Amino acid sequence: MTSHNAATPSDAPHTRATRVVVMGVSGAGKSTIGTLVADAMNFPFVDADSLHPLDNIRKMASGTPLNDDDRWPWLDLVGHELATTRSAGIVVACSALKRRYRDAIRAKAPDTIFLHLDGSLEVLSSRLEGRSGHFMPPNLLASQLEALEPMEADEAAVVVDIAGSMNEILDEAVAGIRKISDN
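Below or above, wherever it landed, is the structure these notes cover. (Residues numbered from 1 in each chain as written. Predicted model: local features only at pLDDT ≥ 70, side-chain atom pairs only at ≥ 80, totals over all residues. Heavy atoms only, no water.)

## What to know about the packing of aromatic side chains
Formally: Stacked, tilted and edge-to-face are the three classes applied to pairs of Phe, Tyr and Trp rings, where Trp contributes its six-membered ring and a pair requires centres within 6.5 Å; stacked means planes under 30 degrees apart, edge-to-face means over 60, and tilted covers the rest. The way it works is that DSSP assigns letters per residue, a run of H or I at least four long becomes a helix, a run of E at least two long becomes a strand, and they are numbered from the N terminus. Type-normalised accessible area, obtained with a 1.4 Å probe on protein chains alone, sets the label of each residue: buried when under 20%, exposed when over 50%, and partly exposed for intermediate values.
Enumeration according to the criterion identifies one aromatic pair in this entry. With centroids separated by 5.8 Å and ring planes inclined at 75°, the aromatic side chains of Trp 72 and Tyr 101 adopt a geometry described as edge-to-face. Residue Trp 72 is found in helix 3 (residues 68-83), and its partner Tyr 101 is found in helix 4 (residues 99-108); the two are separated by 29 residues along the sequence. On the basis of relative accessible area, Trp 72 is assigned to the buried category, the value being 12%.

Right, dumping it as structure tokens:
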């Protein structure tokens, strides 16, 4: 990994906070569930899509997947947002599909908990079909599912199946985050 992903003293967490990244492929509900989790835990919510450079947004809108060179500066900003929170916690929605992307975020905010919203192709496709005004075209779902690397045993993570009701997803997510953050 290149040096731009290494944590520096100024990027070190400033407070003992619960840092959560709500992750998953497009259509998993990162923004919706992330907002609900943040509200339930009384934390601010940030959609990492708002941190993307304009060139990345244009690239995705044209149907072109991002490459790692596109992602590193964005992931650096995501990690910085988590690391520098002054709140008791923060929830950030970010795809974080690959282990090396999660590692880049953890380089800035080592105690980050990843909430993986996991779903079948059928559930994800139906969610994308009903969505408008988003820069991720549904045809990129297949490339995201190919890129997705499951959480590993050494990662602080909660994996929630999104086939359940919104209340079931929220309850399971908050309980899992609290269990990890209380340890």
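After presenting the structure, the write-up continues.
## Considering the pairing of strand 1 (residues 18-23)
Quick note on the threshold: One bridge is not enough; two strands pair if DSSP finds at least two bridges between them.
With six of six residues buried, strand 1 lies mostly within the body of the structure. Sheet analysis places strand 1 next to strand 3 (residues 89-93), joined by five bridges and oriented parallel. Its bridge partner lying in strand 3, Val 22 is registered against Ala 93. With four bridges connecting them, strand 1 and strand 4 (residues 113-118) associate as parallel partners. Counted as the bridge partner of Val 22 is Leu 115 from strand 4.

## Points about the nonpolar core
For the record, the criterion: Buried residues of nine kinds, namely Ala, Val, Leu, Ile, Met, Phe, Trp, Tyr and Cys, make up a nonpolar core once their side-chain atoms join them within 4.5 Å. Contacts: residue pairs with any heavy atoms within 4.5 Å of one another.
Val 37, Val 91, Leu 115, Leu 117, Val 160 and Ile 177 are the most contacted members of the largest nonpolar core, which has 26 residues in total. Among the secondary structure elements, those contributing two or more residues to this core are strand 1, helix 1 (30-41), strand 4, helix 5 (121-129), helix 6 (141-147), strand 5 (157-161) and helix 7 (166-181). Looking at which element gives the most residues to this core, the answer is helix 7, with five residues. Discounting residues that sit within four places of it in the chain, Val 91 has contacts with Val 20, Val 22, Gly 34, Val 37, Ala 38, Phe 43, Pro 44, Phe 45 and Val 46.

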